[in-house]
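Next come the chains, spelled out residue by residue.
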Amino acid sequence: MYRRVATLANRRILARASPKWEYLTSKFGAEVNEFRSNMEQMEAVIGKAPKKITPIDFAAWESKVGKEAVAAVKDQWENQWLKGKKAETMVTFDEAEAKKMKDECAALVAAAQDFEDTNRLRLREIEMSIAILQNEIDNIDDLEVEDLAKRYPKIAERAEEEVKEGVWAGGRD
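If you're wondering where the values come from, they're calculated on a predicted model, not measured in any experiment.

**Student:** If you had to explain the overall build of the protein to someone new, which residues and values would you point to?
**Tutor:** Helices and strands together make up the secondary structure of the protein, namely 8 helices and 2 strands. Secondary structure of the protein in N-to-C order comes out as β-α-α-α-α-α-β-α-α-α. Taking the contacts inside the protein whose residues are at least 6 apart along the sequence as the reference set, 56% of them involve residues at least 24 apart.

This is how it looks when you write it as structure tokens:
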């Protein structure tokens, strides 16, 4: 059996993450809303959680309040909380459920990775285009007329038409 309880440190890391819920809902459907609700509930619980959990030192309390009082509290702690309410609040699942959850998580991670890879590639393409354009802007004054005609054939054709018509740059109405 597995338990769905992450360590406190992992919960805090998850709580700090800020996913784009609208995008995830559009990509993966309404199941994301349930996941979001669970995440928000976890964030609330994590926010209230103590930073460090110390075990109860029953021996120290015996010397302060007496063995009978500690025995009653210890009995209540072990029987009502550890064996009762804590067990009721813990969610357990079998191997098939664990495999299903792992597969679903793997699918979500794969989809997110594909999305990231696609966007990284597109970003690189845009950066390369920007660099090419910036290089052209930086070096346009150094180009000769023939180079400009090769690079921008439409402009060269228009210039040739204007020369034939006897219209100089900016003279056309």
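From this point on, the discussion continues.
**Student:** For the layout of surface pockets, give the residues involved together with the corresponding values.
**Tutor:** The space that makes up the second largest pocket amounts to roughly 170 Å³. Taken together, V145, L148, A149, Y152, I155, A156, A159 and E160 form the lining of the second largest pocket. Counting residues per element, the ones that place at least two in the lining of the second largest pocket are helix 7 (145-151) and helix 8 (153-165). With 4 residues, the top contributor of residues to the lining of the second largest pocket is helix 8.

**Student:** I'd like a description of the pattern of salt bridges, backed by residues and values.
**Tutor:** The final tally for this structure, using the stated rule, is 6 salt bridges. Between R36 and E40 there is a salt bridge, with the nearest N and O atoms lying 3.1 Å from each other. With R36 and E40 both in helix 3 (residues 31-48) and 4 residues apart, the pair spans about one turn of that helix. With its nearest N and O atoms 3.2 Å apart, the salt bridge here joins R122 to E125. Here the residue R122 and the residue E125 both occupy positions in helix 6 (residues 95-139), the gap between them amounting to 3 residues, near one helical turn.

**Student:** Lay out helix 6 with the relevant residues and their values.
**Tutor:** Counted at 1.5 Å a residue, the expected span for helix 6 with its 45 residues is 66 Å, and the 65 Å between its end C-alpha atoms agrees. Its side-chain oxygen placed 3.3 Å from the backbone nitrogen of A96, D94 serves as the N-cap of helix 6.

**Student:** If you had to explain a negative patch on the surface to someone new, which residues and values would you point to?
**Tutor:** On the surface, a cluster of negative charge is contributed by D141, D142, E144, E146 and D147. For D147, the location among the structural elements is in helix 7. We classify D147 as partly exposed; its relative accessible area is 33%.

**Student:** Now, about the packing of aromatic side chains: what can you tell me, with residues and values included?
**Tutor:** Tallied over the full model, the rule gives 0 aromatic pairs. Across from the ring centre of W61, 5.1 Å away, lies the NZ or CZ of K64, which sits over that ring.

**Student:** Break down helix 3 for me, with residues and values.
**Tutor:** Here helix 3 spans 26 Å end to end across 18 residues, near enough to the 26 Å set by a 1.5 Å rise per residue. Where helix 3 is concerned, the buried positions are V32, M39 and I46. Buried positions in helix 3, seen along its axis, are confined to an arc of 45° and lie on one side of it. The outward face of helix 3, more than 90 degrees from its buried face, is lined by the exposed residues E34, V45 and K48.

Definitions and cut-offs
- Residues numbered from 1 in each chain as written.
- Predicted model: local features only at pLDDT ≥ 70, side-chain atom pairs only at ≥ 80, totals over all residues.
- Heavy atoms only, no water.
- Helix = DSSP H or I, 4+ residues; strand = E, 2+ residues; numbered from the N terminus.
- Contact = heavy atoms within 4.5 Å.
- 1 Å grid on protein atoms, 1.4 Å probe; cavity = no way out; pocket = protein on both sides within 12 Å on 5 of 7 lines; lining within 4 Å.
- Points joined across faces, edges and corners; volume = space filled by probe spheres on them.
- Salt bridge = Lys/Arg side-chain N within 4 Å of Asp/Glu carboxyl O.
- Expected span 1.5 Å × (residues − 1).
- Polar contact = N/O pair within 3.5 Å; in protein donor to acceptor, adjacent residues only side chain to side chain.
- Patch = residues over 30% accessible without salt bridge, like charges linked within 9 Å, V, L, I, M, F, W, Y side chains within 5 Å.
- Areas by Shrake-Rupley, 256 points an atom, 1.4 Å probe, with all protein chains shown as cover.
- Lys, Arg positive; Asp, Glu negative; His and termini not counted.
- Charge placed at Lys NZ, Arg CZ, Asp CG, Glu CD.
- Buried < 20%, exposed > 50% of the residue type's maximum accessible area, 1.4 Å probe, protein only.
- Phe/Tyr/Trp six-rings, centres within 6.5 Å; stacked < 30°, edge-to-face > 60°.
- Lys NZ or Arg CZ within 6 Å of the ring centre and 35° of its normal.
- Arc of directions from axis to C-beta.

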